[in-house]
Amino acid sequence: MINIVDNIKSTNTWLTEFGLDNYDSMISLKQSEGYGRLGRFWESDLGGLYFSVNLPNRNLLPIIIGISVADILVKLKLNVKLKWPNDILLNDMKLGGVICHSEGKITVAGLGINISNEPSIRTSTSLVGLGIEINKLSFVDELLEKIKNYLNFNDKDIIDKFLFYDCLIGKQVSWSEGNGTVVTVSEDGRLVVITNHEKIYLTEEIHLND
Ligand code: BTN
């Protein structure tokens, strides 16, 4: 069931507390305590899409949601890229993000996309100004179809699709303990980086070097 409300603390928090079944969903027009990865505050003013859905546990879920969103947005002729592990980029700026956490047999997956809201963060962007209108319900409908379809794909095909949209391959990145060049994303969803002397499989946050 898709629930829609005008205001809520966080669609992810609500679904964690009250969602029961696979594909139970929540859309809110705004959020007062929206959050992103690493507990960061997610600006959630009117105009954005704030959506969460219960999905069956599966490896690569953030990647599956990313490629599903990208598939929909490229049809609108937008320059969409994905930045491992969970960022959706438009013209190299952050348009949206995905966060997933598992609760028993279910994963709560949350998606935020800046549509007609204007995020205050310098590196973020939204669709406002591009003359593009998105009907949130139709978008969510199409998104759920795409996600269900990708859930049947094998890991290699999902990663291949991700690599098609990826913006990091060949780029210099740094993380808490080093820096190197991105080579690929492994079939289990880790970022593969080459340093001066070894190949490293990362799961932690990275920064794109200038
Ligand atoms: C990120 O880029 O760090 C992920 C951001 C995810 C934000 C969405 S908005 C809908 C759902 N509810 C939340 O509180 N967070 C996610």
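Details of the structure are given in the entry above.
The written sequence of each chain sets the order in which its residues are numbered from 1. Given that the model is predicted, a residue must reach a pLDDT of at least 70 before its local features are reported, and side-chain atom pairs must reach 80 or more before they are shown or counted; all residues, however, enter totals for whole chains, interfaces and linings. Heavy atoms throughout the structure, all of them, feed into the side-chain values; hydrogens and water do not.

S.K.: I tried to follow the nonpolar core on my own but got confused; where do I start?
M.R.: Note that soluble globular proteins tend to have their nonpolar side chains buried in a common cluster. One finds Leu111 and Phe139 to be the most contacted residues of the largest nonpolar core, which totals 53 residues. The greatest single-element share of this core, amounting to 9 residues, is contributed by helix 2 (residues 61–74). Split by domain, the residues of this core number at least three in each of domain 1 (2–165) and domain 2 (172–208). Two residues form a contact once any of their heavy atoms are found within 4.5 Å. Contact partners of leucine 111, with chain neighbours within four places excluded, come to Leu49, Tyr50, Phe51, Val69, Ile88, Gly97, Val98, Phe139 and Leu143. Buried Ala, Val, Leu, Ile, Met, Phe, Trp, Tyr and Cys residues that are joined via side-chain atoms within 4.5 Å together make up what is termed a nonpolar core. Note on exposure labels: buried denotes an accessible area under 20% of the residue type's maximum, exposed denotes more than 50%, and partly exposed covers the range between, all computed with a 1.4 Å probe on protein chains only. The way it works is that DSSP assigns letters per residue, a run of H or I at least four long becomes a helix, a run of E at least two long becomes a strand, and they are numbered from the N terminus. Where each domain starts and ends follows an automatic or database-derived domain assignment.

S.K.: When you look at the site of the ligand in this model, what are you seeing that I'm missing?
M.R.: It suffices for a single heavy atom of a residue to lie within 4 Å of a molecule or strand for the residue to be listed as near it. Close to the ligand lie 21 residues; Ser10, Gln31, Tyr35, Arg37 and Lys94 are nearest. As used in this structure description, the phrase polar contact means that two N or O atoms lie within 3.5 Å; if the pair is within protein, one of them must be able to donate a hydrogen and the other to accept it, and residues adjacent in sequence are counted only when both atoms belong to side chains. Arginine 37 is positioned such that a nitrogen or oxygen atom in its backbone is 2.7 Å from an oxygen atom of the ligand. Expressed as a share of its isolated accessible area of 420 Å², the protein-covered part of the ligand is 98%. Contributing elements (two or more residues each) for the shell around the ligand: helix 1 (11–18), strand 3 (49–56), strand 6 (93–103) and strand 7 (106–113). Looking at which element gives the most residues to the shell around the ligand, the answer is strand 6, with 4 residues. Of the residues belonging to the shell around the ligand, the class tally is 7 nonpolar, 11 polar and 3 charged. All accessibility values rest on the Shrake-Rupley procedure with a 1.4 Å probe; residue burial counts only the protein chains present in the view. Throughout this entry, Asp, Glu, Lys and Arg are counted as charged residues, while Ala, Val, Leu, Ile, Met, Phe, Trp, Tyr, Cys and Pro are counted as nonpolar. The remaining residues, Gly among them, count as polar.

S.K.: Help me understand the pattern of salt bridges, please; the structure alone is not making it clear to me.
M.R.: Pairs can form between side chains of opposite charge whenever their charged atoms are close. Any carboxyl oxygen of Asp or Glu within 4 Å of a side-chain nitrogen of Lys or Arg constitutes a salt bridge here. Under the definition given, this model contains 10 salt bridges. Of the charged contacts in the structure, one is a salt bridge between arginine 58 and aspartate 155, with a shortest N-O distance of 2.9 Å. Of this pair, arginine 58 sits in the loop between strand 3 and helix 2 while aspartate 155 sits in helix 4 (residues 155–165); the two residues are 97 residues apart in sequence, bridging distant segments of the chain. By relative accessible area, aspartate 155 is classed as partly exposed at 25%. The closest approach of N and O atoms between lysine 161 and aspartate 71, which form a salt bridge, is 3.6 Å. Note that lysine 161 is positioned in helix 4 and aspartate 71 in helix 2, a separation of 90 residues in sequence. One network of salt bridges, in which partners are shared, links Arg37, Arg40 and Glu205.

S.K.: Would you explain unusual backbone geometry in this entry?
M.R.: What you tend to see is this: most non-glycine residues have negative phi, and most peptide bonds are trans. Of the consecutive residues tryptophan 84 and proline 85, the connecting peptide bond is found in the cis state with omega at 0°. Position of proline 85 among the secondary structure elements: in the loop between strand 4 (80–83) and strand 5 (87–90). Phi is positive for leucine 60, which is not a glycine, with a value near 70°. Of note, leucine 60 is situated in the loop between strand 3 and helix 2.

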